There are 2 protein chains.
Amino acid sequence: MSEHANNFSRRVPAGDDRDRLVCDDCGFVVYENPKIVVGAVVHLGERIVLCRRAIPPRLGYWTLPAGYLELGESPEAGARREAWEEARADIEIEQLLGVYSIERISQVQLIYRACLRNPHVEAGPESAEVALFRWEEIPWAEIAFPSVNWALGHFRETRAQTTFPPRRNPEGATGSMRQEV
Amino acid sequence: MSEHANNFSRRVPAGDDRDRLVCDDCGFVVYENPKIVVGAVVHLGERIVLCRRAIPPRLGYWTLPAGYLELGESPEAGARREAWEEARADIEIEQLLGVYSIERISQVQLIYRACLRNPHVEAGPESAEVALFRWEEIPWAEIAFPSVNWALGHFRETRAQTTFPPRRNPEGATGSMRQEV
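Predicted model, so just to flag it, every value in this text is computed and none were measured. (Residues numbered from 1 in each chain as written. Chains lettered and ligands numbered in written order. Predicted model: local features only at pLDDT ≥ 70, side-chain atom pairs only at ≥ 80, totals over all residues. Heavy atoms only, no water.)

### Re the side chain of A:S74
Here comes step 1: Within the secondary structure layout, A:S74 lies in the loop between β7 (66-68) and α1 (75-87).
Here comes step 2: At a separation of 3.1 Å, a polar atom in the side chain of A:S74 contacts the main-chain amide nitrogen of A:A77.
Here comes step 3: Apart from residues lying up to four places away in sequence, A:S74 is in contact with A:L69, B:S101 and B:E103. (Helix = DSSP H or I, 4+ residues; strand = E, 2+ residues; numbered from the N terminus. Polar contact = N/O pair within 3.5 Å; in protein donor to acceptor, adjacent residues only side chain to side chain. Contact = heavy atoms within 4.5 Å.)

Pasting the structure below:
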């Protein structure tokens, strides 16, 4: 919610139990809820697609193709769109790999396992570079976010399985940049 | 977003590719994204918890304990909170049962399989009644939403499995009330 809605204040509406943004004139309540990030660990044979960020935060660090789910879009369609936008990758979703919760920033990440439908990748406007890495080539010291590490680890852990339950945050891990990798 | 933010208009911000709500004075962009509903198919032995809705929409119809994920809350914690708020049910999450996408209303539902930690249930403020049903006792003609039917079916389908990938919308099903059950 923007700072420009001048007649809104934070209070508990009738029948509710937590602070909301309420219009002082008419009582209209603006509900603010967590946002969904969708993305994929995309593989081609033994290699995994990573994108080097051309935008903040963590400019210059490597990440998975991922971003905010848009209105009217399914999570799978969103993950496919992000792979195209950030890596010009045409992907096929295989399975939900992880559901990660970054509570500090009210974000739920739905990360899929997917394969490249053809070997072409190329940097989209938000990427400085896109590359395919074998496991031992992954630039671990330059990974953008803790949840990228989680997803890569969970991908490797489930690589030989055809069906598995999606993984969650590692025990005790919150996704904070200060706490962990 | 409310109707009361008078200096916002819908246009494509620089570097973006879709309409956003943009402040005409300063260029601030309000991003609107899908909301997350969290809930659970809660079982006790062979019985399943359903709540009869005391509020619109679908007042008087039966549903799962479920609702909007709140800021700063993990999906599992949200599903536990909703079970408590709507059915006074103390639940233990077992596994993610379904990820359902209702694109028409930009909603992603994360529905868990959970068990009751004790047999007590009771109507919370948004429920007219809470009851435990055996499969053959479920009031199928009075189910509130298509995705409740999906989750119940997926629960039964995976009942004997200890690990399984979460289910998605049935093929072609959009969650529209007019299209299907």
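Let us keep going from here.
### Concerning the sheet that holds strand β2 (residues 20-23) of chain B
All names here are of chain B.
Here comes step 1: Read from one edge of the open sheet, 3 strands run β1-β2-β3, paired in antiparallel fashion. Whereas interior strands pair on both sides, the edge strands pair on one side only; in this sheet they are β1 (8-11) and β3 (29-30).
Here comes step 2: Here β1 pairs with β2 via 4 bridges, running antiparallel. Bridging across to β2, S9 finds its partner in V22. (Pairing = 2+ DSSP bridges.)

### Topic: the sheet that holds strand β3 (residues 29-30) of chain A
Here comes step 1: Here 3 strands make up an open sheet; going across it, the order is β1-β2-β3 (chain A) and the pairing antiparallel. Each of the sheet's edge strands pairs with one partner strand only, and the pair in question is β1 (8-11) and β3 of chain A.

### Some remarks on the pattern of salt bridges
Here comes step 1: All told, the structure shown has 30 salt bridges over all chains when counted by the stated rule.
Here comes step 2: Salt-bridge contacts for A:E94 lead to A:R113; the nearest nitrogen and oxygen are separated by 3.0 Å. You can see A:E94 sitting in strand β8 (residues 91-102) and its partner A:R113 sitting in strand β9 (residues 107-116), a full 19 residues away along the chain.
Here comes step 3: Between B:R81 and B:E85 there is a salt bridge, with its nearest N and O atoms 3.3 Å apart. A residue pair is termed a helical-turn pair when its members lie 3 or 4 positions apart in one helix, as B:R81 and B:E85 do in helix α1 (residues 75-87) at 4 residues.
Here comes step 4: For B:R81, a relative accessible area of 14% translates into the label buried.
Here comes step 5: Of the residues examined, B:E85 reaches a relative accessible area of 24% and is grouped as partly exposed.
Here comes step 6: Through salt bridges that share partners, A:D16, A:D17, A:R18, A:R20 and B:E70 make up one connected network. (Salt bridge = Lys/Arg side-chain N within 4 Å of Asp/Glu carboxyl O. Buried < 20%, exposed > 50% of the residue type's maximum accessible area, 1.4 Å probe, protein only.)

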